[in-house]
Amino acid sequence: MLWQVLEGLSRDSAKRLRFVPGVVYADEGAACGQSPEDRAETVAEAKLVLQSVGFPWHIVALEEVFSLPPSVLRCSAREPVGTEGAYKAAVDSFLQQQHALGEGQQSLPCPPRPPIRAGPPTAGQTEALSTLFSSVETLTAKEELLQTLRTHLILHVARTHGYSKVMMGDSCTRLAIKLMTSLALGRGAFLAWDTGFSDERHGDVVVVRPMREHTLKEVAFYNRLFAVPSVFTPAVDTKAPEKASIHRLMEAFILRLQAQFPSTVSTVYRTSEKLVKAPRDGCAAGTPGPRCLLCMCVLDVDTADSATAFGAQTSSQLPQTQPPVAQAEAPVSCCCTRMGGARHCCRTEEDPRARVIEQLCYGCRVNMKDLPSLDPLPPYILAEAQLRSQRAEAEQIQEYLLEDREDEDARPGES
Amino acid sequence: MPAPQCASCRKARAALRRPRSGQALCGTCFCAAFEAEVLHTVVAGRLLPPGAVVAVGASGGKDSTVLAHVLRELAPRLAISLHLVAVDEGIGGYRDAALAAVRRQAARWELPLTVVAYAELFGGWTMDAVARSTAGSGRSRSCCTFCGVLRRRALEEGARRVGATHVVTGHNADDMAETVLMNFLRGDAGRLARGGGLGSPGEGGALPRCRPLQLASQKEVVLYAHFRRLDYFSEECVYAPEAFRGHARELLKLLEAARPSAVLDLVHSAERLALAPAARPPPPGACSRCGALASRALCQACALLDGLNRGRPRLAIGKGRRGLDEEGSPREPQPSGPPASEPIPGF
């Protein structure tokens, strides 16, 4: 993808791309259990590639999630989307800017700040990260957590440096696998965001996937024919057995099926094009509900109207309480999935874990089940969870405060 | 290590652990819990109103056997009356044995039984004849497509004959999960848009259909049949290995091994799929030949039979669709023929 962008920006391409790119490389060696020497080697290789490309580049280590601010999890307001006219005007002003900066420049204008060169991550952070990842029980949950943290990190980098869009290099094959995996993880409601072309759930930063029409094979051929340098680093699931995680299973299954029915990947891809970013008919339209803490999609866990609310005794049960003696399991699950009334019952447990869990969407909740304790999570997640639940409490109290008009101000929220 | 106590009645020793929640229960409590859950499904979804005459699609397999048994237990509470409808597809060596099981059940439970045969309804075509007819086309046989469509029609016909107001089938949660996977793998946006609910209300003259066992996992169905000592027929249809559903089933087994809640997660996802309005199927009209529910001029059953009669069995399969024609797997989802009675799951 980087190479394509490079070509697109070069002076002799027919349709020149009109944006100012930067490159982010996220070093995940600590999560994958790589030794420091291997990591340094990989980072050095990556640096070579990035320097040869010529764009402003940033290398961030995954450990920096421990120093992220909670604002990463908030959806900021976006600049209003313009119409066709506005687009042309924007392109024109951009071109004028380019002219103003001087002709004959092959390289692009520098960003306002120099590329961030944070020092190598501290040993404490590295250890915290490896504690976090080793406390996760299943590979599936590990991969999901890694993805979430990586997204947050890249988002943060983009926001800090004023980038409005993040381009990901997911190919058609990868997206088809991702679609099926998300289905199996319970994220059916968010498929359009996870695998669509543009993903605006973070508000001001839009994630786009320009490579989604190219299959992996095409990408491999391109890289080979044009001698595109690439760096290999082991991932969390390298050398894991096939049945270790849902991601691996799906990947193996789809590739196997593709060998037998050659149109499998393109079929799944085309189906993903038909998905829209809307709640299903029948769900409450109108004001969008609260958003998931981790993936920032509108929460899809609703009332006992859904089949799974009834059957899902496990995912909505508080971890400490025993399942009730009653034969019908309905009372327990309804209690926790209903908004509003449920808050009180959860609060009486005074369980910080339950408070975090109830702010997550269904898919994230199932993942959190594989995390026995929430403490190793990076502080920004826990801080934001705390903030949101406090805000929710304050909102609840607000109803009662309005009734006594005499002393309506300065009454502290009681829990 | 002795088994723990039953978590529910705390008196007997636990005899099993529920697959989903890991709760230890004794046999009676488990059966009671299972029945309570089915009751809740029916009542909460208002699937079977009081006074309904319910035709139970019975194939002799575990799902329909359990369904019939549970509904029979709940019938007084729900104020419904039951009829068993069995479909004879004419698959030699398989269906005869299954039908014998159904007859035994009907006799034991004293429920009226009606058997409808393909040969009688569809001009002499039995599944074996269909299989022979489609075998020569070089690609793998698509006889499961025919079977599914025709069985749906036959079930409807049988239900009408007994004067039923509702049709129930024994699809369980695993079937729903497999269907979603299959529809995605084959790009069947129409069925994806239609599926996910608890059944179809019945449009344009078709009887309302529902699946009371939809929230029960397959393992629990088998456990229930075991504890109630139900007699069912458990062999696979002879044509089953050729169905595309087999791939989805294999995938589901693997997923369940990696993550036990995978089935539930898939059902959750399926309920919340949001498809573009353009992808949804057009509202159905009536077939010009037989008057049944159809999205095109001819209903699928008539179209398929037409193809068979003309000696071009693949006429109605994969024809006139946009491009994509996978090797050997036609556009309709193919229910394979495991013992559960399964008309096409996509409603």
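Residues numbered from 1 in each chain as written. Chains lettered and ligands numbered in written order. Predicted model: local features only at pLDDT ≥ 70, side-chain atom pairs only at ≥ 80, totals over all residues. Heavy atoms only, no water.

The name recorded for chain B in an unreviewed UniProt entry is Cytoplasmic tRNA 2-thiolation protein 1, from Balaenoptera acutorostrata. In its Subcellular location (unreviewed entry) section, the UniProt entry covering chain B states "Cytoplasm". Chain B has a UniProt comment under Sequence similarities (unreviewed entry) that states "Belongs to the TtcA family. CTU1/NCS6/ATPBD3 subfamily." (UniProt positions renumbered as here; feature names shortened; annotations may be inferred.)

The name an unreviewed UniProt entry assigns to chain A is Cytoplasmic tRNA 2-thiolation protein 2, from the organism Balaenoptera acutorostrata. Of the comments in the UniProt record for chain A, the one headed Subcellular location (unreviewed entry) reads "Cytoplasm".

Enquirer: In this structure, what is going on with the overall build of chain B? I would like to understand it.
Expert: A count of helices and strands for chain B gives 12 helices and 10 strands. A buried classification covers 63% of the 347 residues belonging to chain B. The long-range share in chain B, meaning contacts at least 24 apart out of those at least 6 apart in sequence, stands at 72%. Of the accessible surface of chain B, which amounts to about 12800 Å², a share of 53% is contributed by carbon and sulfur atoms. (Helix = DSSP H or I, 4+ residues; strand = E, 2+ residues; numbered from the N terminus. Buried < 20%, exposed > 50% of the residue type's maximum accessible area, 1.4 Å probe, protein only. Contact = heavy atoms within 4.5 Å. Areas by Shrake-Rupley, 256 points an atom, 1.4 Å probe, with all protein chains shown as cover.)

Enquirer: Is there a simple way to think about the pattern of salt bridges in this case?
Expert: A pair can form between side chains of opposite charge whenever their charged atoms are brought close. Taken as a whole and judged by the stated rule, the model has 21 salt bridges over all chains. A salt bridge links Glu256(B) to Lys219(B), with the nearest nitrogen and oxygen atoms 3.3 Å apart. Of this pair, Glu256(B) sits in helix 10 (residues 245-258) while Lys219(B) sits in helix 9 (residues 218-227); the two residues are 37 residues apart in sequence, bridging distant segments of the chain. Taking the relative accessible area as the measure of exposure, Lys219(B) reaches 46% and is therefore partly exposed. Within this structure, Asp170(A), Arg187(A), Asp194(A), Asp199(A), Arg201(A) and Arg209(A) form a network of salt bridges that share partners. (Salt bridge = Lys/Arg side-chain N within 4 Å of Asp/Glu carboxyl O.)

Enquirer: Before we go on, may I ask you to explain the nonpolar core in this structure?
Expert: With 44 residues, the main nonpolar core has Met180(A), Met250(A), Leu181(B), Phe184(B), Leu255(B) and Leu266(B) as its most contacted residues. At the level of secondary structure, the elements contributing two or more residues to this core comprise helix 7 (172-184), helix 8 (191-195), helix 10 (246-260) and helix 11 (264-273) of chain A together with helix 7 (173-185), helix 8 (189-194), helix 10 and helix 11 (262-271) of chain B. Not counting the four nearest positions on each side in its chain, Met250(A) is found in contact with Ile177(A), Met180(A), Thr181(A), Ala184(A), Leu181(B), Leu251(B) and Leu255(B). (Core = buried A, V, L, I, M, F, W, Y, C linked by side-chain atoms within 4.5 Å.)

Enquirer: Is there a simple way to explain the pairing of strand 1 (residues 23-27) of chain A in this structure?
Expert: A regular strand places its side chains on the two faces of the sheet in alternate fashion. Residues and elements named next belong to chain A. In terms of residue burial, strand 1 counts as a mostly covered element, since four of its five residues are buried. Note: strand 1 against strand 2 (residues 57-61), five bridges, orientation parallel. Note on strand 2: the bridge partner recorded for Asp27 is Ala61. (Pairing = 2+ DSSP bridges.)

Enquirer: Got a minute to help me understand the pairing of strand 3 (residues 53-58) of chain B in this structure?
Expert: All names here are of chain B. Of all six residues making up strand 3, six are buried, and the element is well covered by its neighbours. Residues of strand 3 alternate between two faces, with Val53, Ala55 and Gly57 on one and Val54, Val56 and Ala58 on the opposite face, all of them buried. In the sheet, strand 3 pairs with strand 4 (residues 81-88) via six bridges, with the strands oriented parallel. Looking at the pairing, Val54 lines up with Leu82 of strand 4. Crossover connection from strand 3 via helix 2 (residues 62-78) to parallel strand 4: handedness right-handed. In terms of strand pairing, strand 3 meets strand 6 (residues 166-168) through three bridges, oriented parallel. Each residue of the ladder has a partner; that of Ala55, found in strand 6, is Val167. (Right-handed = clockwise from strand over helix to strand, strands pointing away.)

Enquirer: Even after reading the chapter, I still don't get a negative patch on the surface, so can you show me in this structure?
Expert: A grouping of Glu37(A), Asp38(A), Glu41(A) and Glu45(A) is seen on the molecular surface, where their side chains present a negatively charged patch. For Glu45(A), the position within the fold is in helix 3 (residues 36-53). (Patch = residues over 30% accessible without salt bridge, like charges linked within 9 Å, V, L, I, M, F, W, Y side chains within 5 Å. Lys, Arg positive; Asp, Glu negative; His and termini not counted. Charge placed at Lys NZ, Arg CZ, Asp CG, Glu CD.)

Enquirer: Would you mind showing me how to read the sheet that holds strand 3 (residues 165-167) of chain A here?
Expert: Across a sheet, paired strands are connected by hydrogen bonds in the backbone, their directions being either parallel or antiparallel. Residue and element names in this part refer to chain A. Across the sheet, three strands lie side by side as 3-5-4; this open sheet has mixed pairing. Two strands bound the open sheet, and with one partner strand each, they are strand 3 and strand 4 (198-199). As paired elements, strand 3 and strand 5 (residues 206-208) share three bridges and run parallel to each other. Bridging across to strand 5, Val166 finds its partner in Val207.

Enquirer: In this structure, what is going on with the confidence of the model for chain A? I would like to understand it.
Expert: For residues with low pLDDT, the predicted coordinates do not support detailed interpretation. Residue and element names in this part refer to chain A. In the predicted model, chain A carries a mean pLDDT of 71, and the fraction of residues at 70 or more is 65%. Per-residue pLDDT, averaged within each element of chain A, yields its smallest value for helix 13 (residues 313-316) (36) and its largest for helix 7 (90). Confidence drops under a pLDDT of 50 for residues 280-285, and excluding neighbours within four residues, the segment shows eight contacts in the predicted structure. This model gives residues 304-349 a pLDDT under 50, and the stretch forms 78 contacts once residues within four places in sequence are excluded. (pLDDT = per-residue confidence, 0-100.)

Enquirer: What should I look at first to understand the packing of aromatic side chains in this one?
Expert: Each aromatic ring pair is described using two quantities: the centre-to-centre distance and the angle formed by the ring planes. Inspection of the entire model under this criterion finds six aromatic pairs over all chains. Ring geometry for Tyr222(A) and Phe226(A): centres 4.6 Å apart, planes at 35°, overall tilted. For Tyr222(A), a relative accessible area of 19% puts it in the buried group. The exposure class assigned to Phe226(A) is partly exposed, which follows from its relative accessible area of 45%. Aromatic ring contacts, followed pair by pair, group Phe30(B), Phe34(B), Tyr224(B) and Phe227(B) into a single cluster. Here the basic side chain of Arg186(B) rests over the ring of Phe244(B), its NZ or CZ set 5.1 Å away from the ring centre. (Phe/Tyr/Trp six-rings, centres within 6.5 Å; stacked < 30°, edge-to-face > 60°. Lys NZ or Arg CZ within 6 Å of the ring centre and 35° of its normal.)

Enquirer: Is there a simple way to explain unusual backbone geometry in this structure?
Expert: Glycine aside, residues mostly have negative phi, and peptide bonds are mostly found in the trans state. Positioned with a positive phi, Met296(A) is a non-glycine residue whose angle comes to about 60°. Note that Met296(A) resides in the loop between helix 11 and helix 12 (307-311). Positive phi, close to 60°, is recorded for Ala79(B), a residue that is not glycine. Relative to the helices and strands, Ala79(B) resides in the loop between helix 2 and strand 4.

Enquirer: How do you make sense of the environment of Phe232(A) when you look at a structure like this?
Expert: By secondary structure assignment, the location of Phe232(A) is in the loop between helix 9 (216-225) and helix 10. Counting along the chain gives 190 residues from Phe232(A) to Thr42(A), while the straight-line C-alpha distance between them is 7.8 Å.

Enquirer: Teacher, can you tell me more about the environment of Glu28(A) here?
Expert: Residue and element names in this part refer to chain A. Within the fold, Glu28 resides in the loop between strand 1 and helix 2 (29-32). For the pair Glu28 and Leu129, spaced 101 residues apart in sequence, the C-alpha to C-alpha distance is 9.9 Å. Beyond its immediate sequence surroundings of up to four residues, Glu28 is in contact with Leu62, Leu146 and Arg150.

Enquirer: Help me out: how do you make sense of helix 1 (residues 27-44) of chain B in this one?
Expert: An α-helix turns once per 3.6 residues; consequently, residues spaced three or four apart project the same way. Residues and elements named next belong to chain B. An ideal rise of 1.5 Å per residue puts 26 Å on 18 residues; helix 1 measures up with 26 Å between its terminal C-alpha atoms. Three or more residues of helix 1 are buried, namely Gly27, Cys29, Phe30, Cys31, Ala33, Phe34, Glu35, Glu37, Val38, Leu39, Thr41 and Val42. Directly beyond the C-terminal end of helix 1, a positive phi value near 50° is found at Arg46. (Expected span 1.5 Å × (residues − 1).)

Enquirer: Whenever I open this one, the confidence of the model for chain B confuses me. Can you help?
Expert: Residues and elements named next belong to chain B. Looking at chain B as a whole, the pLDDT averages 77, with 82% of positions reaching at least 70. Per-residue pLDDT, averaged within each element of chain B, yields its smallest value for strand 7 (residues 199-200) (62) and its largest for helix 9 (89). Predicted as a complex, the structure gets a pTM of 0.76 and an ipTM equal to 0.76.

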